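Secondary and tertiary structure notes
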Amino acid sequence: MSINEALIAELLKDYKSPEDLLGKEGLLKQLQKAIIEKALEAEMTHHLGYQKHQRSESRFDNSRNGKSKKRLRSDSGQLEVQIPRDRNSDFEPQLVAKHQRSFSGFDDKIIALYARGLSTREIQGHLKEIYDVEVSPELISHVTDAVLEEVNDWQSRPLDALYPIVYLDALFVNIKDQGHVSKKAVYLALGVNLEGHKELLGLWIEKNEGARFWLGVINELKNRGVQDIFVACVDGLKGFSEAINAVFPKTDVQLCIVHMVRNSLKFVSWKDRKTVAVDLKEVYRAATTEKAEKQLRVFAEKWDTKYPMISKTWQSHWNNIIPFFAYPPEVRKAIYTTNAIESLNMSLRKVIKNKAAFPSDQALKKILFLALRNISKKWSMPIRDWGQAINQFAILHPDRMNLE
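What counts, and at which threshold
- Residues numbered from 1 in each chain as written.
- Predicted model: local features only at pLDDT ≥ 70, side-chain atom pairs only at ≥ 80, totals over all residues.
- Heavy atoms only, no water.
- Buried < 20%, exposed > 50% of the residue type's maximum accessible area, 1.4 Å probe, protein only.
- Helix = DSSP H or I, 4+ residues; strand = E, 2+ residues; numbered from the N terminus.
- Arc of directions from axis to C-beta.
- Pairing = 2+ DSSP bridges.
- Contact = heavy atoms within 4.5 Å.
- Salt bridge = Lys/Arg side-chain N within 4 Å of Asp/Glu carboxyl O.
- Axes fitted to C-alpha atoms, helices over the stretch in contact; angles between N-to-C directions.
- Parallel < 35°, antiparallel > 145°, perpendicular 65-115°, else oblique.
- Disulfide = S-S within 2.5 Å.

Here we come to helix 7 (residues 147-155). Those residues of helix 7 lying buried are V147, L148, V151, W154 and Q155. The arc that holds the buried residues of helix 7, viewed along the axis, is 120°, so those residues lie on one side.

Take a look at the structure:
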């Protein structure tokens, strides 16, 4: 829509400084108010069926009944507008709906600030400084609470039948529980779908990370449509592999090699750490399972007299260490470590680091969901040549690729 140049000239005839245009009582704010009120008047005319000051065909018809004031939060600050009323009280404004208190995406700004981990006080200060709008903590809570329905829909959405790779991990957060602050585990399941894209399958909050609760998580994934997982990448939690295979018996459970090395070095003195790390690399960088077993025996012969627990630990977990040897180098890099989900956890910690403790599980879910929505926009594919990777999966699991 083109705007008449003469109209613009008329509006700006008294313009002297930016304040006249952009200030609290500037032209833009006055125009916004005037246009909104004019539009509401047009809506009322459409509702009643006759123009203002025009007589109705019947004296019993509905009619205008004055106006009411309403303060709106907008990008240009507080905006007070006059809302027309009718005698029958059945006029439903479309531009400024009943009970609406913000205009032009202002609530979205509150949600965006909340998603970046700003505290309620910081959000209040930011909105006051930038938009000259006063908001209460109750308002911020009310606006962000609207996200909870979206969280619940997202958490219960149907999932794909097959995920070639799923990463499982947890991070710990302080939450107030019955007046006491305690650490709770936030369980995360990050899948890689058949297109090679990362997809967070869900998040769950519980007091402790344990194999029993993970079993419930895996069962929920199955109930939401997952029929098969080729590789589940996990850390060294006791009972984790049993929980996964109880639901998906064909799934290869891959222990995170980085965790294995890190835990092994706990047994090692500082002067030997570099050498031990290099010798362990010979094990997990081997070309085949057989060569890896040979390198582990070489490692044991060299270090068992000094650090016997290292080789024993690797031997006891061997069945969950070796699955990645069946895959080509491109796929190995994606499954022999849980870096993909640990990177996600790190991004989430940056968002929640300013919170000493969350008042409830719901409050934590809100901010994690909103943060995840922002983080996922920047995700890249965990395997660059996904076409080659999916062909390898198809060769290794030909009877499991085509699930209905």
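Moving on from the model shown.
Time to look at the pairing of strand 4 (residues 180-192). In this sheet, strand 4 lies alongside strand 3 (residues 162-177) in antiparallel orientation, the contact comprising 13 bridges. Residue pairing across strands places L171 opposite V186, the latter belonging to strand 4. Turn length for the strand 3-strand 4 hairpin, with the two strands adjacent in sequence and antiparallel, is 2 residues, and the turn residue Q178 shows positive phi of about 55°. Here strand 4 pairs with strand 5 (residues 198-206) via 8 bridges, running antiparallel. In the sheet register, V192 faces strand 5, and the bridge partner there is K198. Counting the residues between successive antiparallel strands, the hairpin from strand 4 to strand 5 contains 5 residues, one of them, G196, with a positive phi of roughly 85°.

Turning to the side chain of T45, a few remarks are in order. You can see T45 is positioned in helix 3 (residues 27-48). Residue class for T45 comes out buried when judged on its relative accessible area of 15%. Apart from residues lying up to four places away in sequence, T45 is in contact with Y50, Q51, K52 and R64.

Under the counting rule described, the total for this entry stands at 9 salt bridges. Linking R64 and E41 is a salt bridge whose minimum nitrogen-to-oxygen distance equals 3.9 Å. Of this pair, R64 sits in strand 1 (residues 64-74) while E41 sits in helix 3; the two residues are 23 residues apart in sequence, bridging distant segments of the chain. Classification of E41 as buried rests on a relative accessible area of 16%. Here the salt bridges share partners, and the residues they tie into one network are E41, R64 and K67.

Moving on: the packing of helix 7 against helix 17 (residues 361-375). Relative to each other, helix 7 and helix 17 sit at 75°, their axes nearing to 10 Å. By the angle between their axes, helix 7 is roughly perpendicular relative to helix 17. Residues V147, L148, E150, V151 and W154 of helix 7 form the contact with helix 17, whose participating residues are Q362, K365, K366, F369, L370 and R373.

This part takes up the state of the cysteines. Enumeration over the complete set of coordinates arrives at 0 disulfides. Free cysteine C256: the closest other cysteine sulfur is in C233, separated by 8.4 Å. Owing to a relative accessible area of 2%, C256 belongs among the buried residues under this scheme.

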